Amino acid sequence: MAQNFLKLYSQNSEPDSAFFLNGGNVFLYASNNDKYSIKGQNLIIGSTELIMKHILGESTLRLETAVATANSKIKKIPAEKFISSINSFSFLINTSIVLAKQVLLTNKIINKNMDALEGNDRLLKDLSIKYYKGICLLTQEYEKRKLPWLNEITKKHATSLNFKRGEAFCKSQESLTVESSSMLSDRMIEYPRGSAICEENTEGEELYILQAGSIDVEIGGNRVATIDKKGTVFGEMALLLNEKRTATLRAKNNTVITKILKSELKEVCEKDNELLKNVAFSLAQKHYFNIIKIGAVNKSLIEHALDDQSGEDKTVNHVERLKLDISKLKNDIDEAIYKKEADYLRPVIDELS
């Protein structure tokens, strides 16, 4: 016998409420072929779009379709109620747990689908990221100098689909950074060079904030990245989801870290809940861009399947158009360097090359 379901919301509908899951199971469809489920009690579903729209100012419709099993106990939370409740620790922690779960599960979908990409599809992704990063550098120069002609170049290129595709690939991987709070000064710890801050496959009971120095990220004994931006938050996913650490973090030099135990989180947030708010908002952004990324990867996969049937590789055309966009951007910057004596834009050319 088929199981009955209750539709909570549909993709592309207006996000006017979240939902309190007091028990049961909710299935979320990132696409027709990509779904995942959130199961448990006292969980808040559908917060991403409310946070993006009402707090972060990103005009958006529902990213996914959400349906609950018929036996689920669900209560609607109007948008106004959701926003007014965000200062409550229990409400915020429940929201953050679901968002962390959504980021984790949509990451798995992306990794699965990315494995199916090859050749020109991967090149399209890599070039989109390069194009996005180049425009970001251009934007940073405009913010420093406020030159109208620089703003015109940036706006000319920042509205393209290629920019949006690159943005989705990059922003879903960005780390959260926060301002240091004097209330957390008693939780700072100094780690000497080479010492392990946390170990891969151990329980994640702490959240960390980098205050000084830099950290090597190691997986299977191999360094895969370095964290060196002051205020970077890490360890929040393992803490929220009771997951094991996915990497070893090692002090690259003498490093100062703010360390917050899971058991201390409520106490910290009762004094100042900005940290947990920032974690929740960052997770909402990652989930938002993960869904966009899933759509971009799926589009590449569908077009590749259609190309196989027709014998024509349309991805090549997308790649060539993107290469042309990059070339046009480089020409605009080269012209500015020559006519405006803007040698400070040469790093943008390097990023695009």
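Described in the following lines is the structure provided in the data block.

Parameters and conventions
Residue indices follow the written sequence of each chain, beginning from 1 at its first position. It should be noted that, the model being predicted, local features are given only for residues of pLDDT at least 70 and side-chain atom pairs only at 80 or more, the latter also being counted only at that level, while totals for whole chains, interfaces and linings use all residues. Only hydrogens and water are set aside; all other atoms, that is, all heavy atoms of the structure, feed into the side-chain values. Numbered from the N terminus, helices here are DSSP runs of H or I no shorter than four residues, and strands are runs of E no shorter than two. All radius of gyration figures rest on C-alpha atoms, and the globule criterion is 2.2 Å times the number of residues raised to 0.38. Relative accessibility under 20% of the residue-type maximum defines a buried residue, over 50% an exposed one, and the middle range a partly exposed one, all with a 1.4 Å probe and only protein chains included. Note on definitions: a residue-residue contact is assigned when non-hydrogen atoms from the two residues lie within 4.5 Å. Using only the protein atoms, space was sampled on a 1 Å grid; points where a 1.4 Å probe fits but cannot get out form cavities, open sets with protein on both sides within 12 Å along at least five of seven lines form pockets, and lining residues are those with an atom within 4 Å of a point. Grid points are joined across faces, edges and corners, and a volume is the space filled by probe spheres set on the points. Note on terminology: a nonpolar core comprises buried Ala, Val, Leu, Ile, Met, Phe, Trp, Tyr and Cys residues joined through side-chain atoms within 4.5 Å. Any two strands between which DSSP finds at least two bridges are classified as paired. Between the N-to-C directions of two axes lies an angle of 0 to 180 degrees, each axis being a line fitted to C-alpha atoms and, for a helix, fitted only over the stretch in contact. What sets the label is the angle itself: under 35 degrees gives roughly parallel, over 145 gives roughly antiparallel, 65 to 115 gives roughly perpendicular, and the rest give oblique. Helix span is expected to be 1.5 Å times the residue number reduced by one. Each polar contact in these results corresponds to two N or O atoms within 3.5 Å; when the atoms are within protein, one needs to be able to donate a hydrogen and the other to accept it, and residues that are neighboring in sequence are counted only if both atoms are side-chain atoms. Any pair of Phe, Tyr and Trp rings, taking the six-membered ring for Trp, is counted once the centres come within 6.5 Å. Such a pair is stacked with planes under 30 degrees apart, edge-to-face with planes over 60 apart, and tilted for the rest. The criterion is that NZ of a Lys, or CZ of an Arg, lies within 6 Å of the ring centre and within 35 degrees of the ring normal, and then a charge sits over that ring.

**A few points about the overall build of the chain**
For the chain, the helix and strand inventory stands at 11 helices and 15 strands. The C-alpha atoms of the chain give a radius of gyration of 22 Å, which matches the 20 Å a tight globule of 353 residues would have. Dimensions of the chain, computed from C-alpha atoms along their principal axes, come out at roughly 60 × 60 × 40 Å. Within the chain, the fraction of its 353 residues that count as buried is 48%. Counting contacts in the chain only where the partners sit at least 6 residues apart, residues at least 24 apart contribute 79% of the total.

**Notes on the layout of surface pockets**
Taken as a whole, the largest pocket holds about 1,400 Å³ of empty space. Take the lining of the largest pocket: its biggest share by element is seven residues, from helix α3 (residues 89–115).

**A word on the nonpolar core**
Residues Val 26, Ile 38, Ile 45, Leu 138, Leu 329, Ile 333 and Leu 345 are the most contacted members of the largest nonpolar core, which totals 53 residues. No other element matches helix α4 (residues 120–145), which puts eight residues into this core. If we skip the residues at most four places from it in the chain, Ile 45 touches Tyr 9, Ala 18, Phe 19, Leu 21, Val 26, Ile 38 and Val 98. Formed by 34 residues, the second largest nonpolar core is a distinct cluster that contains Ile 44, Ile 86, Val 268 and Leu 275.

**Considering the sheet that holds strand β14 (residues 248–251)**
In space, the four strands of this open sheet follow the order β9-β14-β11-β12, with antiparallel pairing throughout. Strands with a single pairing partner mark the edges of an open sheet, and in this sheet they are β9 (196–198) and β12 (222–227). Adjacent strand axes in the sheet meet at a mean angle of 35°, parallel and antiparallel pairs treated alike. The pairing of β9 with β14 spans two bridges and is classified as antiparallel. By the bridge assignment, Ala 196 is partnered in β14 with Arg 250.

**A closer look at the packing of α4 against helix α6 (residues 161–171)**
Running from N to C, α4 and α6 point in directions that differ by 95°, and their axes come no closer than 7 Å. It follows from the interaxial angle that α4 and α6 lie roughly perpendicular. Every residue of α6 that contacts α4 at Leu 124, Lys 125, Ser 128, Ile 129, Tyr 131, Tyr 132, Lys 133 and Ile 135 is listed here: Asn 162, Phe 163, Arg 165, Gly 166, Glu 167, Phe 169, Cys 170 and Lys 171.

**Describing α4**
For an α-helix, the turn length of 3.6 residues means that residues three or four places apart are oriented alike. Taking 1.5 Å of rise per residue, the 26 residues of α4 would be expected to cover 38 Å, and the 37 Å separating its terminal C-alpha atoms lies within 8% of that figure. One or two residues past the end of α4 sits Lys 146, with phi positive at roughly 55°.

**Concerning the side chain of Ser 128**
Along the polypeptide, Ser 128 turns up in helix α4. Reaching out from Ser 128, the side chain makes a polar contact with the backbone oxygen of Leu 124 at a distance of 2.7 Å. Those residues in contact with Ser 128 that lie beyond four places of it in its chain are Asn 162, Arg 165, Gly 166 and Leu 322.

**Thoughts on the packing of aromatic side chains**
Within the structure shown, the criterion is met by six aromatic pairs. Ring centres of Phe 5 and Phe 27 lie 6.0 Å apart, and the angle between their planes is 75°; on these two criteria the pair is classed as edge-to-face. A residue pair is termed long-range when its members are at least 10 positions apart, and Phe 5 in strand β1 (residues 5–9) and Phe 27 in strand β3 (residues 25–29) qualify at 22 residues. With relative accessibility at 18%, the residue Phe 27 sits in the buried group. Look at Tyr 288 and Phe 289: their rings are 4.9 Å apart centre to centre, the planes differ by 85°, and that puts the pair in the edge-to-face class. Above the ring of Tyr 9, the side-chain terminus of Arg 62 is found at 3.8 Å from the ring centroid. Directly above the ring of Tyr 344 sits Arg 145, whose terminal nitrogen or CZ lies 3.5 Å from the centroid.

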